[in-house]
Amino acid sequence: MDLFFARLMVHRPLSRQWGKQRIHDFLQADATAALGALLETTTEQEVHYLPQLVAQLGQPVYFLAGQQDPVMELKYVRHLASFHPSFGCMGNNVREIDHCGHLAMVEQVVSVEENIRKILNQYHP
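About the cut-offs
- Residues numbered from 1 in each chain as written.
- Predicted model: local features only at pLDDT ≥ 70, side-chain atom pairs only at ≥ 80, totals over all residues.
- Heavy atoms only, no water.
- Helix = DSSP H or I, 4+ residues; strand = E, 2+ residues; numbered from the N terminus.
- Buried < 20%, exposed > 50% of the residue type's maximum accessible area, 1.4 Å probe, protein only.
- Contact = heavy atoms within 4.5 Å.
- Lys, Arg positive; Asp, Glu negative; His and termini not counted.
- Charge placed at Lys NZ, Arg CZ, Asp CG, Glu CD.
- Core = buried A, V, L, I, M, F, W, Y, C linked by side-chain atoms within 4.5 Å.
- Polar contact = N/O pair within 3.5 Å; in protein donor to acceptor, adjacent residues only side chain to side chain.
- Arc of directions from axis to C-beta.

How should the overall build of the chain be read in this particular structure?
Each helix and strand in the chain was counted, giving seven helices and two strands. For the chain, buried positions account for 29% of its 125 residues. The long-range share in the chain, meaning contacts at least 24 apart out of those at least 6 apart in sequence, stands at 57%. Across the chain, the mean location of the 10 positive side-chain charges is 9 Å away from that of the 13 negative side-chain charges.

For this particular structure, what's the right way to read the nonpolar core?
If you look at soluble globular proteins, the nonpolar side chains tend to sit buried side by side. In this structure, Val-54, Val-61, Phe-63, Ala-65, Leu-74, Val-77, Leu-80, Ala-81, Phe-87 and Val-94 together form the largest nonpolar core, which totals ten residues. For this core, the element with the highest residue contribution is helix α5 (residues 74-81), accounting for four residues. Other than its neighbours up to four places away in sequence, Phe-87 contacts Arg-78, Ala-81, Ser-82, Asn-92, Asn-93 and Val-94.

Help me out: how do you make sense of unusual backbone geometry in this one?
Among all residues except glycine, the phi angle is most often negative; among peptide bonds, the trans geometry is most common. With a phi close to 70 degrees, Met-9 is a non-glycine residue in the positive phi region. On the secondary structure map, Met-9 appears in the loop between α1 (2-7) and α2 (16-28). A positive phi angle, near 55 degrees, is found at His-99, a position not held by glycine. Structurally, His-99 is set in the loop between β2 (94-97) and α6 (104-107). The partly exposed category is assigned to His-99, whose relative accessible area is 40%.

Hey, could you run me through the side chain of His-84 in this one?
Positionally, His-84 belongs in the loop between α5 and β2. Residue His-84 is classed as buried on the basis of its relative accessible area, which comes to 4%. There is a polar contact of 3.2 Å between the side chain of His-84 and the backbone oxygen of Leu-57.

I'm lost on α5 in this one. Help?
Think of an α-helix as turning once every 3.6 residues; residues three or four places apart then point the same way. For α5, the set of buried residues is Leu-74, Val-77, Leu-80 and Ala-81. Seen from one end, α5 has its buried residues packed into an arc of 125 degrees, which puts them on one side.

Take a look at the structure:
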């Protein structure tokens, strides 16, 4: 099972330790809360509300997206990002991470850190 969870939603398999941790988290999660959170955020109404919410944000917003994300494909990330004023005509608020699926923070730790540092340095060099 740990091998399955180490490969679930990622581009490159995570270590078996991560797979074991994901199993542990999955088994320890409160089923009612997890299901409620999933159903509350993935209804058609909520999905259609996301672009409106993004459009209303006044602060800079950046999207880090795995190029091989099977859950939130890049085209959908770009579409959502396009509702923010900082998208402009070039999509500068979307940062693509190569060789990365849905869990960028564990798949591509260095790339995520580098992207965040570049973004922050734009505002506070």
